[in-house]
Amino acid sequence: RSWKALYAEQRAREREELNARKNQLFLKELNEDIEAELEAERKRLEDERLAEEERKREERAALKRQKMYWNRQRLKANRQMDARYIHAIQEDERLKLATAKRTKMKDDFDEKWKHKEVEMVLQARTKREAWLLDKETSAGRVKKEFLELRRRLRQPPRLEEKERERQINLLSNIVLIYIEAMLFKNGQLLEMLVTTFDEDGNGYLSHDEFKDILSQLDDIELTNEQQRDVIRELDEDDDGMVSLAELERQTEMISKICGTPGSPWKLYVDPAQDVTCLHNIWTGEKIFDFRMTDQKLREITKENLVFEAEYDARIQAHKDRDADWDAVVRNFSATIMQRMYRFWAGNKRMEEMRWKIVMHQKEKERQSEQAASILLQAFWRGRTERLEMRSWIAQIYCKRWDDRRQKAFYENVYTYEKTWNRPYIHARLFPEKDW
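This is a predicted model, so every value here is computed, not measured. (Residues numbered from 1 in each chain as written. Predicted model: local features only at pLDDT ≥ 70, side-chain atom pairs only at ≥ 80, totals over all residues. Heavy atoms only, no water.)

Helix and strand counts for the protein chain stand at 12 helices and eight strands. Its C-alpha atoms give the protein chain a radius of gyration of 53 Å, clearly above 22 Å, the size a compact globule of 435 residues would have. With the C-alpha coordinates aligned to their principal axes, the bounding extent of the protein chain is approximately 185 × 75 × 50 Å. Here the protein chain holds 435 residues, and the buried ones make up 26% of them. Across the protein chain, every contact between residues at least 6 apart in sequence was considered, and the portion connecting residues at least 24 apart equals 59%. Side-chain charges of the protein chain comprise 86 positive and 87 negative groups, with the mean position of each set lying 10 Å from the other. (Helix = DSSP H or I, 4+ residues; strand = E, 2+ residues; numbered from the N terminus. Rg over C-alpha atoms; globule rule 2.2 N^0.38 Å. Buried < 20%, exposed > 50% of the residue type's maximum accessible area, 1.4 Å probe, protein only. Contact = heavy atoms within 4.5 Å. Lys, Arg positive; Asp, Glu negative; His and termini not counted. Charge placed at Lys NZ, Arg CZ, Asp CG, Glu CD.)

This is the structure we're talking about:
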């Protein structure tokens, strides 16, 4: 009985082992089926992903082609715009450039002559002062000017010089003396008065504009009635405007009677004292005739001669400046005309060669299209070959594990070539995974 029990136990253990092996085989087959299904599902998902990427790539390519098409259409429409509109834009740009160029030319010219005028005035002043130091050559002229100035200062009123007495008593002349001194001190001449203060640009000074000039005189204050009297005396034709010619005529009279042009020393009858005086407009020094000494009068005479030289130099500088400006304008105009002629001649030659240009443009377009088609063909062939190669490369290489070195390696299933590094072609075609 013990033998039978032992045999039964042995048979039971064998049956259990057989059942265990069957279960292991079943589980192994089940795992293999599951892994196969998972691999198939992964492959399906991978194919779907690749198809989705391909679809998106095709959409991007189609969108790019569409944008390129509409860009070409837009460029073609821009080239077909109204020629008169394009011409107007070009004319406006050319006008702006020409205006900026003329403005820069005028600014550079003014800056150059500003320094040159100062240099000419300083040279004239130095030369006149050196001439005055040479008493052998200047004594006669100085004595003559001294006697004339003393005669005008101390000469009593006479009937035959009624006009002279009237001029030195006119309030308008006193005002013009201050205006001329103010301008000359700033390096300007009387002819600049109209251009400087003529706000509306009509070439005349209105009463309001002339009042603005009077308001800028610091050393003289006039009532409204006195301002109207001054304007009335200067406005000879009573047209409501003070012209440059009227100012020049009155200034010429002042130069003959009231003092040397450009000199701050002016002779007039002081309205408050009713006494003839010599007044330095710049410094404010005023000397009446009964207080004037011969020594001071000689000093004033020499100063007048120096200022006269400066005034003549400034006049000459303005004449030279106007002549130089005329030459600059003529050269500029000649340059513009030459450029216009070259433009016209170029257009004429362009019309004669237009058919050659059109043919050349068509040939360039044909070559560009041919190059683009070759590039697209090469891209398509490369893409097709890469897709076909992916499935083949996936079957060639497999990744295995080396138990001895505890390290993964790659094996070619056809040549059995093994390498520790991932094959380049595999990494190139499958950058997103390492198997």
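What follows is about the confidence of the model for the protein chain. Per-residue confidence for the protein chain gives a mean pLDDT of 82; residues scoring 70 or more make up 91%. For the protein chain, the element scoring lowest by mean pLDDT is helix H6 (residues 191-197), at 64; helix H10 (residues 294-352) scores highest, at 89. (pLDDT = per-residue confidence, 0-100.)

What the three strands build is an open sheet, ordered S3-S4-S5; its pairing is antiparallel. Each edge of the sheet is formed by a strand with only one pairing partner; in this case those strands are strand S3 (265-270) and strand S5 (286-288). The sheet shows a mean angle of 30° between the axes of neighbouring strands, taken without regard to direction. Sheet topology note: the strand S4 (residues 275-280)/S5 ladder contains three bridges and is antiparallel. Residue Cys277 lies in a different strand from S5, and its bridge partner there is Phe288. Packed onto the sheet, helix H3 (residues 135-154) meets S3 and S4 and runs at close to 135° relative to S4. This element, helix H5 (residues 171-185), spans S3 and S4 of the sheet and lies at about 155° to S3. (Pairing = 2+ DSSP bridges. Axes fitted to C-alpha atoms, helices over the stretch in contact; angles between N-to-C directions.)

Our focus in this paragraph is the packing of helix H7 (residues 207-215) against helix H8 (residues 224-234). Direction vectors running N to C along H7 and H8 enclose 120°, while the axes themselves pass 11 Å from each other. The orientation of H7 with respect to H8, classified from their angle, is oblique. Crossing handedness for the pair H7 and H8: right-handed. Side by side, H7 and H8 meet where His207, Phe210, Lys211 and Leu214 of the first sit next to Gln227, Val230, Ile231 and Leu234 of the second. For the contact of H7 with H8, the residue count by class is five nonpolar, two polar and one charged. (Parallel < 35°, antiparallel > 145°, perpendicular 65-115°, else oblique. Left-handed = near helix turned anticlockwise from the far one by under 90°. Nonpolar A, V, L, I, M, F, W, Y, C, P; charged D, E, K, R; others polar.)

Residues Glu29, Glu32, Asp33, Glu35 and Glu37 make up a contiguous surface patch of negative charge. Relative to the elements of secondary structure, Glu32 occurs in helix H1 (residues 2-79). Note on Glu32: relative accessible area 44%, which makes it partly exposed. (Patch = residues over 30% accessible without salt bridge, like charges linked within 9 Å, V, L, I, M, F, W, Y side chains within 5 Å. Areas by Shrake-Rupley, 256 points an atom, 1.4 Å probe, with all protein chains shown as cover. Salt bridge = Lys/Arg side-chain N within 4 Å of Asp/Glu carboxyl O.)

Turning our attention to the sheet that holds strand S7 (residues 407-412). Each strand in a sheet pairs with another by means of backbone hydrogen bonds, the pair being arranged parallel or else antiparallel. Read across the open sheet, the three strands follow the order S6-S7-S8; overall the sheet is antiparallel. Of all strands in the sheet, those bounded by a partner on one side alone are strand S6 (397-402) and strand S8 (418-419). Looking at chain direction, S7 and S8 are connected through two bridges and run antiparallel. The residue bridging Glu411 from the neighbouring strand is Lys418, located in S8. With respect to the sheet, helix H11 (residues 354-396) is in contact with S6 and S7, its orientation differing from that of S6 by roughly 25°.

With 39 residues, the main nonpolar core has Ile179, Phe210 and Leu278 as its most contacted residues. Top element by residues in this core is H5. It accounts for eight residues. What Leu278 contacts, discounting residues up to four positions off in sequence, is Leu149, Leu153, Trp265, Lys266, Leu267, Glu285, Lys286, Ile287, Met292, Leu297 and Ile300. (Core = buried A, V, L, I, M, F, W, Y, C linked by side-chain atoms within 4.5 Å.)

Here the focus is the side chain of Arg128. By the element assignment, Arg128 lies in helix H2 (residues 83-133). The buried category is assigned to Arg128, whose relative accessible area is 17%. In this structure Arg128 touches Leu305, Val306, Glu308 and Ala309, once residues within four positions along its chain are discounted.

Relative to the assigned elements, Val118 resides in helix H2. Using a relative accessible area of 48% as the deciding quantity, one classes Val118 as partly exposed. A C-alpha to C-alpha distance of 33 Å links Val118 and Asp294, two positions 176 residues apart in sequence.

Another point: the packing of aromatic side chains. Under the counting rule described, the total for this entry stands at seven aromatic pairs. Where Phe109 meets Trp113, the ring centres are 6.4 Å apart and the plane angle is 45°; that geometry is what we call tilted. In this pair, Phe109 and Trp113 are both assigned in helix H2, four residues apart and thus about one turn of the helix distant. For the ring pair Trp282 and Phe307, a centre distance of 5.3 Å and an interplane angle of 85° mean the geometry is edge-to-face. Of this pair, Trp282 sits in the loop between S4 and S5 while Phe307 sits in helix H10, placing them 25 residues apart in sequence. Given a relative accessible area of 27%, Trp282 falls into the partly exposed group. With relative accessibility at 11%, the residue Phe307 sits in the buried group. These aromatic residues form a ring-pair network of at least three members: Phe109, Trp113 and Trp325. The ring of Trp131 has Arg128 sitting right over it, with the charged end atom 5.4 Å from the ring centre. Taking NZ or CZ as reference, Arg298 lies 4.6 Å from the ring centre of Phe146, over its face. (Phe/Tyr/Trp six-rings, centres within 6.5 Å; stacked < 30°, edge-to-face > 60°. Lys NZ or Arg CZ within 6 Å of the ring centre and 35° of its normal.)

Another point: a nonpolar patch on the surface. A grouping of Phe26, Leu27, Leu30, Ile34 and Leu38 is seen on the molecular surface, where their side chains present a nonpolar patch of about 460 Å² in accessible area. The residue Leu27 is located in helix H1 in this model.

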